[in-house]
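# Working through the structure, step by step
As a plain string of letters, each chain reads:
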2 protein chains.
Amino acid sequence: MEIGITQVLRQLLQMHPQRILTVCGERRRRVHEVADRVARFAGALRQLGVMPDERVGILALNSDRYIESLLAVPWAGGALNPCNVRWTAPEIAYSLNDCDTRVLIVDDHFAPLAAGLRDTVPGLRHLIHAGDGATPQGMRSYEALLAQAQPVADALRKGSDLLGIFYTGGTTGFPKGVLVSHEGFWVSALSLIAEGVIPRQSVMLRSAPMFHMADLAYGYCGLLQQCTHVILPAFHAARVAAAIAAERAEVALFVPTMLQLLLNEPDVERFDFSSLKSLIYAASPVADATVVEVMRRWPRARLTQVYGQTELSPVGTVLHHESHADPVLRRSAGCATHCVELRIADAEGTELPRGQVGEIVARGPNVMQGYWNKPDATAAAFTREGWLRTGDGAYMDETGHVFIVDRIKDMIVTGGENVFSGEVENALATHPAVAMCAVIAIPSDEWGEAVHAVVVLRPSMAVDAAQLIEHCRERIAGYKCPHSVEFRTALPVSGAGKILKRDLRAPFWEGRERRVA
Amino acid sequence: MEIGITQVLRQLLQMHPQRILTVCGERRRRVHEVADRVARFAGALRQLGVMPDERVGILALNSDRYIESLLAVPWAGGALNPCNVRWTAPEIAYSLNDCDTRVLIVDDHFAPLAAGLRDTVPGLRHLIHAGDGATPQGMRSYEALLAQAQPVADALRKGSDLLGIFYTGGTTGFPKGVLVSHEGFWVSALSLIAEGVIPRQSVMLRSAPMFHMADLAYGYCGLLQQCTHVILPAFHAARVAAAIAAERAEVALFVPTMLQLLLNEPDVERFDFSSLKSLIYAASPVADATVVEVMRRWPRARLTQVYGQTELSPVGTVLHHESHADPVLRRSAGCATHCVELRIADAEGTELPRGQVGEIVARGPNVMQGYWNKPDATAAAFTREGWLRTGDGAYMDETGHVFIVDRIKDMIVTGGENVFSGEVENALATHPAVAMCAVIAIPSDEWGEAVHAVVVLRPSMAVDAAQLIEHCRERIAGYKCPHSVEFRTALPVSGAGKILKRDLRAPFWEGRERRVA
């Protein structure tokens, strides 16, 4: 399909050259300035030797230069590698090495970390400092590069050309580089716009991390819809509230944790949120109480939940505002969006009846091309008929609403019954002595798998395994209750703060193969 | 791009199996019935030997079976050839022969004409009668075929696979079969939805002819947006008004002539149009007075103009409701939609400055793949850089709004000045004696081309050439006024009622080559 993500910049220039495109601190840039800067920075990248499809990394907090870079890299013909800002230096080095990133753009915040990457990432040729402070030794200045470069013509990357390699995971294995095409990303964003959740020419808040597919897609919708992007370097509840009020933001995307932080922040009440028309939440499960409270606090904002994953470039389902009034539908992730077909399938990829829990599988132009240099993982990611296995366990109701229950790998199949770890964890967490817990599958000769709980107790609190199991028995069905409980002082967590259940499971499964749907 | 137009039927079935999809006279069909009928009719088409990409024609007024056929043909793997219902039998035979259509679906209205096609279209193997009356001798009954056939699985045609061959033209030469792909048509419709003009789950009036790309795209938007389609066999002002009121239609598409007929119909005032939220007009230039009157009469309906052509699958620009308040912008066709990039170019395809008249050229995934079996016409349809030449003359303002002035072939270049035939015709038409007129370019040794008018006078009215030229001189610049005037009793017109200027020009240009931008 003859579409590339840079086309939008020419359209903006054709229709709205004087419109403010980015607001970053005191700096406001109009469309024509951004277009000129993108074409120049692309010229600079070409001078630095960036070849077609060559990866250019970005390791930075949110900024206007981040948005420029996201456009300039494909404009120059390169492919993006936006780095997870929550990762440690070794994890970042792993991803840079893995996909052979030669050029890395960094901001003030990450310049020190980036300087240290040279030893562990031998292929790294150029570090570009896109910050406001002095350019560190051995780095090139983004602004200086841009100032001396000639603007170049768009490389017109499009269709199945590689847009970028987007690293995902950590909780279920080594990070994998997801290959996302121009058309896949574009059609995902256009589908979201077609759902009516990004008002045309609105003021858009950008406080979610720009490396993340959720914000990338949301931000690209904003470009297609001729929005003004109000950029915060990172999420900070009080600053977000102040920015919404000051700039009269009309649309915002948050992950559920951010919504919770906004609700908890006492300062937020002081600010005027009446400009908010559309509030999108995405990227992780949300507590119903949070959604209800958001509706109560900001009744004029239309709420939309989006479920997706990097492998879907990233949009899968949309739960519309109207469905939020229904307490049952509100707990779902909504229905498949225009570009994608979804099914609930068993381990063989066969569609299951409505109401039965299986894996969400997906087909459509937004499905990834595969994992970078991981043919086995790529093969395993698709069913025989070519549907993407999302790894998410869910059921679908009679109206196509998808209810997500667990990651497939975290589901426990015991005596033929599916147990969702989250449900057991919720039951355990209601015990006053439990600080953290994780429920995992361990091998059982009798049941195939058994429910095992790993628990961290609150300081100076005591409870034993039998008491915890009894506590669960009062709340959930017997077969769901932990068969065994283990106490620890801490749980292993990923850079993104997710509990690493694979590490908890590993010793139990040594020498055995766990069959996962 | 892995998207085919039949995917929407599975999505509808997943989410809204019980929703009323089509309303056709007394007949109302739910999504699950239509899905079953489509899969069965596709099975019947396969039994009849329809092979991948093989053309299946449809020659019928609007009906629910027309919509089913539009889905069943690609579901079976075939390609569509929806025939222009205004064409004469020889024109239809030409198009069926040209693209080797083996199966033709006809309704009661066109059965007699179709029966006569057998002699002139030797390749025609099967005539399928999709009507309510008795099946004529030698034809197969659509309902009987469907009843005996097993439902088949979707052939999953997608991406650059051929959706159909859509015949266009007649006014500027032999009809040409436009090759439209699945992804091109799909992305054109999705772009229109992203413009916000098709409310989700609305009641949609289908009174424009379904063979026409304008209604095809509009109707497909309705499928993607889960609408109910209220179908009239053809446009009829009083019946349209009655249907809008009775079914509480919320969205409608009309060509400007239909809007004018609605405004002129005295009966229309009796009906309640308050349900109309979105009124789209497309497919030909509109008089400003018509638009103003529509806004006055139906102030609650949001007006949208769409400009396109079959070669754009078909969407090019969109003029939003908001812009209709501006008397200047209102005369434009709006701005490029998401999927397409537009430019105003000179004869060599080089972009012209804003305000200068040239040809609209287009690039994007919705651009046709070419003309069926016409490599020369296909080559001529694209610029050196691969942009589609639309054949429409226009200028673009500083905000990207496209103002269409004339078909490029109808523009007259005299002494280096562009004269738009429509402007001269408008001046001539204000003379009380003029019934019809056409202004064309004829060769001039002095000026390159000269402005020549062909005029039909009203019965028992008299005026001479000098008087008409003087009449124009009072209204438009001297160089635009006809250099010569010729009187006739009638003008040659196409099946669609357009004046065939090429026939008027031909004798003047015999033995000479006319250089057209």
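What counts, and where the lines are drawn
Residues numbered from 1 in each chain as written. Chains lettered and ligands numbered in written order. Predicted model: local features only at pLDDT ≥ 70, side-chain atom pairs only at ≥ 80, totals over all residues. Helix = DSSP H or I, 4+ residues; strand = E, 2+ residues; numbered from the N terminus. Buried ≥ 20, exposed ≤ 12 C-beta atoms within 10 Å, placed from the backbone. Contact = placed C-beta atoms within 7 Å. Domains from an automatic or database assignment. Least-squares fit on C-alpha atoms with pLDDT ≥ 70 in both. pLDDT = per-residue confidence, 0-100. Expected span 1.5 Å × (residues − 1). Pairing = 2+ DSSP bridges. Right-handed = clockwise from strand over helix to strand, strands pointing away. Nonpolar A, V, L, I, M, F, W, Y, C, P; charged D, E, K, R; others polar. Axes fitted to C-alpha atoms, helices over the stretch in contact; angles between N-to-C directions. Parallel < 35°, antiparallel > 145°, perpendicular 65-115°, else oblique. Left-handed = near helix turned anticlockwise from the far one by under 90°.

What follows covers the overall build of chain A. In terms of helices and strands, chain A carries 16 helices and 26 strands. In terms of principal-axis extent, the alpha carbons of chain A reach across some 70 × 50 × 50 Å. Sorting the 517 residues of chain A into buried and exposed places 50% on the buried side. When contacts within chain A are restricted to residue pairs at least 6 apart in sequence, those whose partners lie at least 24 apart make up 68%.

We note that the domain assignment places domain 1 (30-157) and domain 2 (411-509) within chain A. In this structure, domain 1 of chain A and domain 2 of chain A have C-alpha centres spaced 43 Å apart.

Let us look at the relation of the copies chain A and chain B. With an RMSD of 0.1 Å, the operation that places chain A on chain B is a rotation of 180° combined with a shift of 0.0 Å along the axis. Such values leave the two copies arranged in the relation of a two-fold axis. Taking C-alpha positions as the reference, the residue of chain A nearest the rotation axis is A:Ala194, at 2.0 Å. The fraction of interface residues of chain A whose copies in chain B are also interface residues reaches 96%, indicating that both copies meet through the same surface.

On to the confidence of the model for chain A, then. Taken over all residues, the pLDDT of chain A has a mean of 94, while the share at 70 or more is 98%. Reported for the predicted complex are a pTM of 0.92 and an ipTM of 0.92.

In an α-helix, one full turn covers 3.6 residues, which means residues spaced three or four apart are oriented alike. Residue and element names in this part refer to chain B. For helix 2 (residues 31-47), built from 17 residues, the straight-helix expectation of 24 Å at 1.5 Å per residue is met to within 8% by its first-to-last C-alpha distance of 24 Å. Of all the 17 residues making up helix 2, 12 are buried; the element is thus mostly covered by neighbouring parts of the structure. Taken together, the buried positions of helix 2 are occupied by Val 31, Val 34, Ala 35, Arg 37, Val 38, Ala 39, Arg 40, Phe 41, Ala 42, Gly 43, Ala 44 and Leu 45. Positive backbone phi, at 95°, marks Gly 49, one or two positions downstream of helix 2.

Moving on, we come to the pairing of strand 11 (residues 228-231) of chain A. All names here are of chain A. Where strand 1 (residues 20-24) and strand 11 come together, 3 bridges link them in parallel fashion. In the sheet register, Thr 22 faces strand 11, and the bridge partner there is His 229. One ladder, built from 4 bridges, connects strand 10 (residues 203-206) with strand 11; its direction is parallel. Each residue of the ladder has a partner; that of Arg 206, found in strand 11, is Ile 231. After leaving strand 10, the chain enters helix 9 (residues 213-224) and then returns to the sheet as strand 11, a path that is right-handed.

Our next topic: the environment of B:Lys277. Inspection of the secondary structure puts B:Lys277 in the loop between helix 11 (256-264) and strand 13 (278-282). A residue is classified by how many C-beta atoms lie within 10 Å of it, and B:Lys277, with 17 of them, is partly exposed.

Each partner contributes residues to the interface: chain A has 25 residues there, and chain B has 24 residues. Elements with a minimum of two residues in the side of chain A that touches chain B: helix 1 (7-15), helix 8 (182-194) and strand 16 (335-336) of chain A. Class assignment of the residues belonging to the side of chain A that touches chain B gives a composition of 12 nonpolar, 8 polar and 5 charged.

This part is about the sheet that holds strand 1 (residues 20-24) of chain B. All names here are of chain B. Read from one edge of the open sheet, 9 strands run 2-1-11-10-12-13-14-15-16, paired in mixed fashion. Because the sheet does not close on itself, it has two edges, and the strands there are strand 2 (27-30) and strand 16 (335-336). In the packing of helix 3 (residues 64-76) onto the sheet, the strands contacted are strand 1, strand 2 and strand 11 (228-231), and the crossing angle to strand 1 comes to about 135°.

The description of two packed helices rests on the angle between their axes and on the distance between the axes. Residue and element names in this part refer to chain A. The interhelical angle for the contact between helix 11 (residues 256-264) and helix 12 (residues 288-297), taken along N-to-C directions, is 50°, at an axis separation of 10 Å. Taken as axis vectors, helix 11 and helix 12 run oblique relative to one another. Once helix 11 is placed against helix 12, the crossing between them reads as left-handed. Two secondary-structure elements touch here, helix 11 through Pro 256, Leu 259, Gln 260 and Leu 263 and helix 12 through Thr 290, Glu 293, Val 294 and Arg 297. Here the residues of the contact of helix 11 with helix 12 sort into 4 nonpolar, 2 polar and 2 charged.

Okay, the packing of helix 2 (residues 31-47) of chain A against helix 3 (residues 64-76) of chain A next. All names here are of chain A. Orientation of helix 2 relative to helix 3, taken along the N-to-C sense of each, is 55°, at an axis distance of 8 Å. Considering their axes alone, helix 2 and helix 3 lie oblique with respect to each other. Seen from above, helix 2 lies across helix 3 with right-handed handedness. Contact residues: helix 2 offers Val 34, Arg 37, Val 38, Ala 39, Phe 41, Ala 42, Leu 45 and Arg 46, while helix 3 offers Glu 68, Leu 71, Ala 72, Val 73, Trp 75 and Ala 76.

This part covers unusual backbone geometry. A cis amide bond links A:Ser313 with the next residue in sequence, A:Pro314, at an omega value of -10°. With respect to the element layout, A:Pro314 can be found in the loop between strand 14 (302-308) and strand 15 (315-319). Of note, the phi angle at B:Asp100 is positive, near 60°, even though the residue is not glycine. Its place among the elements puts B:Asp100 in the loop between helix 4 (89-98) and strand 5 (103-106).

As a further point, take the environment of A:Ala246. Looking at the element boundaries, A:Ala246 is found in helix 10 (residues 237-247). Residues A:Ala246 and A:Phe271 lie 25 residues apart in sequence; the distance between their C-alpha atoms is 8.8 Å.

Residues and elements named next belong to chain B. Pairing within the open sheet is antiparallel, and its 4 strands lie in the order 17-18-20-21. At either end of the open sheet lies a strand with only one pairing partner, and these are strand 17 (341-345) and strand 21 (402-407). Each neighbouring strand pair of the sheet contributes to a mean axis angle of 45°, computed without reference to strand direction. Bridge analysis of strand 20 (residues 388-396) against strand 21 gives 5 bridges, and the strand direction is antiparallel. Bridge pairing in strand 21 places Ala 394 opposite Ile 404.

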